[in-house]
Amino acid sequence: MKKLFTKAAVVAAAVCLMVTAPLMAQAKDNLSGTLEIFSWWAGDEGPALEALIKQFNEQYPDVTVENAAVTGGSGINARAVLKTRMLGGNPPNSFQVHAGQELIGTWVKSDRMEDLTWLFEEQGWMDAFPSDLINLIGTDKGIWSVPVNVHRSNVIWFVPANLEKWGVTVPADWNEFLAIAPKLQAKGIVPLALATNWTVNHLWESVALASMGPDKWDALWRGELAWTSPEVIQAWELFGKVLQYTNADASSLSWQQATDMVVDGRAAFNVMGDWAAGYMNTTLKLAPGTGFGWAASPGTDGIFMFLADSFGLPVGVENRDTSVAWLKLVGSREGSDIFNPLKGSISPRLDTDLSLYNAYSKSAAGDWGKNRIVGSLAHGVTANEGFMSDFASVMEMYLKSRNAEQAAKACNAIAVKNGIAKK
Ligand code: GAL
């Protein structure tokens with residue numbers, strides 16, 4: 001009797017599953033072959049992706065997943081490899097790409113992505129994601145990727161007990177930072193930990209946002225504020241002052257090593273995206289609030305500079321069915337809530353289960369709901385790949401010359417070249 005009941009319950013559950021999740025049940029049938037996932041989430045950055053792949057493996061045990069992650073923060077190496085593969089006609093089944101211009105202005109523009117509108121409609125995602133985010137991954141011709149997270153770029157990290165010990169508080173703006181930095185230096189503490197080149201661009205966007213404010217930041221990307229305007233020159237000047245208080249060996253460090261400097265008490269602060277929260281909590285096992293603290297980067301309280309990672313479906317992949325199955329998991333509530341609590345990001349979905357997230361992520365989710373939202377340059381929202389790589393060259397030039405006016409002029413030239421500014 002008990003056995004029969006159990007069997008009946010299993011059948012009932014199976015019927016229920018077929019009704020509530022017909023797509024998942026169908027997809028399970030006959031799905032085999034390989035699925036190559038391309039990203040830059042390797043090593044210390046890997047746990048969230050690995051958890052998502054584990055979930056995929058459980059759902060599709062006959063599919064062999066190849067985790068083709070190319071290490072290097074912000075995709076500095078991965079994006080170059082991806083370009084070679086895409087242009088060489090050898091796309092991975094799905095690849096990590098930033099929502100915004102990195103996707104639209106690079107891969108969609110060159111007709112390399114499949115339109116996923118049908119998938120969004122089939123999965124009920126038109127209502128599951130905020131419409132602003134859908135606009136960012138869409139054009140009038142389609143929707144081109146599936147968002148997996150929302151990260152915040154403008155965050156300053158610190159260890160509360162260390163600040164107390166050193167008698168400093170979190171600077172509300174960059175002038176406050178410039179006032180306390182010499183005091184920290186006098187104690188042998190690096191005021192602001194910095195790492196390899198792309199993290200310099202990352203710091204720049206927080207400083208520029210603070211210096212010019214969100215309206216002008218947005219105007220810059222709409223081509224309505226000249227790159228040679230006094231506001232932009234002032235931002236470069238402020239940036240130069242801030243750079244004086246960073247570590248001399250920055251270019252040889254990974255972003256994680258800059259975070260380590262704060263954690264170990266060698267540095268007071270670090271401005272980094274909230275993947276640093278993922279690293280400190282998931283990898284270093286530090287508790288948010290005590291092990292590490294956070295605030296909006298100086299001068300940007302009330303503003304959330306965001307970026308979103310997403311996965312797309314390149315045109316012409318082998319085993320396309322496995323790509324689609326992967327994208328379904330990426331966009332699902334379940335997938336999102338497996339991935340994001342480990343990553344330091346928040347779910348891009350409107351129905352996320354916040355009880356699964358730590359104190360940092362809860363506070364980020366609160367800010368996401370009420371702050372002014374602007375896009376990140378360093379992580380693909382506001383500008384295409386062409387501008388981003390040209391900007392990196394301008395930055396290199398600036399680091400040598402420290403000439404704000406020259407940097408602003410060079411930015412103007414690359415903005416015109418990459419279709420952001422008119423002349
Ligand atoms: C960003 C990416 C994040 C994180 C970070 C550091 O570009 O969106 O998810 O990986 O780089 O590598």
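Residues numbered from 1 in each chain as written. Predicted model: local features only at pLDDT ≥ 70, side-chain atom pairs only at ≥ 80, totals over all residues. Heavy atoms only, no water.

**Side note on the packing of aromatic side chains**
What counts is decided by this rule: Ring pairs are drawn from Phe, Tyr and Trp, using the six-membered ring of Trp, whenever the two centres fall within 6.5 Å, and their geometry is named by plane angle: stacked under 30 degrees, edge-to-face over 60, tilted for the rest. Helix numbering and strand numbering both begin at the N terminus, where a helix is a DSSP run of H or I of at least 4 residues and a strand a DSSP run of E of at least 2. Here the term buried applies to any residue with accessible area under 20% of the maximum for its type, exposed to any over 50%, and partly exposed to those in between, with areas from a 1.4 Å probe on protein chains only. In this scheme, the term charge over a ring applies when either NZ of a lysine or CZ of an arginine sits within 6 Å of the ring centre and within 35 degrees of the ring normal.
Applying the stated criterion to the full structure yields 33 aromatic pairs. For the ring pair tryptophan 221 and tryptophan 227, a centre distance of 5.2 Å and an interplane angle of 75° mean the geometry is edge-to-face. Here tryptophan 221 and phenylalanine 387 contribute two aromatic rings whose centre-to-centre distance is 5.6 Å and whose plane-to-plane angle is 90°, an arrangement assigned as edge-to-face. Of the two residues, tryptophan 221 is situated in helix H11 (residues 197–221) and phenylalanine 387 in helix H18 (residues 385–401); the sequence distance between them amounts to 166 residues. The burial state of tryptophan 221 is the same as that of phenylalanine 387; both residues are buried. Ring-pair connections join several aromatic residues into one group, and the members of that group are Trp204, Trp217, Trp221, Trp227, Trp236, Phe239, Phe387, Phe391 and Tyr398. The lysine or arginine in question, arginine 79, covers the ring of tryptophan 40, its NZ or CZ lying 5.9 Å from the ring centre. Lying over the aromatic face of phenylalanine 129, arginine 349 brings its terminal NZ or CZ to 6.0 Å of the ring centre.

**Comments concerning the environment of proline 288**
The criterion, for reference: When checking whether two residues touch, look at their non-hydrogen atoms; a contact exists if any pair is within 4.5 Å.
With respect to the helices and strands, the residue proline 288 is situated in the loop between helix H14 (275–283) and strand S11 (293–296). Measuring from C-alpha to C-alpha, the distance between proline 288 and tyrosine 360 comes to 6.0 Å, with 72 residues separating the pair along the chain. Beyond its immediate chain neighbours, meaning those up to four positions away, proline 288 contacts Asn281, Trp294, Asn358, Ala359 and Tyr360.

**Details of the site of the ligand**
How we decide: In this text, near means that some heavy atom of the residue lies within 4 Å of the molecule or strand in question. Think of a polar contact as two N or O atoms within 3.5 Å of one another; within protein, one of them needs to be a possible hydrogen donor and the other a possible acceptor, and neighboring residues in sequence only count if both atoms come from side chains. Computed by Shrake-Rupley with a 1.4 Å probe, the accessible areas treat only the displayed protein chains as cover when residues are assessed. What fixes the domain bounds is an automatic or database domain assignment.
With respect to spatial proximity, 13 residues lie near the ligand, and among them Glu45, Ser74, Asp309, Lys343 and His379 are the closest. Interatomic distance of 2.8 Å between a side-chain N/O atom of histidine 98 and an oxygen atom of the ligand. Burial of the ligand by the protein amounts to 100% of the accessible area it has alone, namely 300 Å². Mapping the shell around the ligand onto the domain boundaries places at least three of its residues in each of domain 1 (7–150 + 309–366) and domain 2 (152–305 + 374–417).

**Regarding the side chain of asparagine 154**
Residue placement: asparagine 154 occurs in the loop between strand S7 (151–152) and strand S8 (155–158). At 3.1 Å, the side chain of asparagine 154 and the side chain of arginine 152 are in polar contact. From its side chain, asparagine 154 meets the backbone oxygen of isoleucine 303 in a polar contact 2.8 Å long.

**Looking at the confidence of the model for the protein chain**
Atom-level detail of predicted coordinates should not be read off regions where pLDDT is low. In plain terms, the rule: Each residue carries a pLDDT score, the predictor's confidence in it, ranging from 0 to 100.
Per-residue confidence for the protein chain averages 93 on the pLDDT scale, and 93% of its residues sit at or above 70. Throughout residues 1–27 the model reports pLDDT below 50, and contacts reaching past four residues in sequence, or to other chains, amount to 8 contacts.

**So, the side chain of serine 345**
Within the fold, serine 345 resides in the loop between helix H16 (333–343) and helix H17 (359–370). Accessibility expressed as a relative area gives 0% for serine 345, which makes it buried. A polar atom in the side chain of serine 345 sits 2.6 Å from the side chain of asparagine 340. Each residue touching serine 345, except ones within four places of it in the same chain, is listed here: Asn149, Val150, His151, Asp274, Phe339, Asn340, Tyr357 and Ser361.

**Quick look at the pattern of salt bridges**
How we decide: The term salt bridge refers to a side-chain nitrogen of Lys or Arg lying within 4 Å of a carboxyl oxygen of Asp or Glu.
In total, this model carries 16 salt bridges according to the counting rule given. Here arginine 222 and glutamate 224 are joined by a salt bridge, their closest N and O atoms 3.0 Å apart. For glutamate 224, a relative accessible area of 54% translates into the label exposed. A salt bridge links aspartate 367 to lysine 370; the nearest nitrogen and oxygen atoms lie 3.5 Å apart. You can see aspartate 367 and its partner lysine 370 sitting in helix H17, 3 residues apart, about one turn around the helix.

**Observations regarding helix H15 (residues 320–331)**
For the record, the criterion: Between the first and last residue of a helix there are one fewer steps than residues, each counted as 1.5 Å, and that sum is the expected span.
Over its 12 residues, H15 runs 17 Å from end to end, which matches the ideal 16 Å to within 8%, given 1.5 Å per residue. The buried fraction of H15 is high, at 10 of 12 residues.

**Looking at the nonpolar core**
For clarity, the threshold we go by: Throughout this description, the term nonpolar core refers to a set of buried Ala, Val, Leu, Ile, Met, Phe, Trp, Tyr and Cys residues connected via side-chain atoms within 4.5 Å.
Core analysis: the largest hydrophobic core is formed by 71 residues, its most contacted members being Phe56, Phe120, Trp157, Phe311 and Trp326. Inspection of this core shows a minimum of three residues originating in each of domain 1 (7–150 + 309–366) and domain 2 (152–305 + 374–417). Membership of the second largest hydrophobic core comes to 60 residues, among which are Phe177, Leu243, Met395 and Ala415.

**Some points on the sheet that holds strand S2 (residues 63–69)**
Here is the rule: Here a strand pair is declared whenever DSSP counts at least two bridges between the two strands. A fitted line through C-alpha atoms serves as each axis, taken over the contacting stretch for helices, and the angle formed by two N-to-C directions is quoted from 0 to 180°.
Overall, mixed pairing links the 5 strands, which are arranged S2-S1-S3-S13-S6 in an open sheet. Each edge of the open sheet is held by one strand with a lone partner, namely S2 and strand S6 (146–147). Note that strand S1 (residues 33–39) and S2 share 7 bridges and pair parallel. Looking at S2, one finds that serine 39 is bridged to alanine 69. Where helix H3 (residues 47–59) meets the sheet, its contacts fall on S1, S2 and strand S13 (309–312), and the angle it forms with S2 comes to roughly 170°. Helix H4 (residues 78–87) rests against S1 and strand S3 (94–98) of the sheet, and its axis sits at about 135° to S1.

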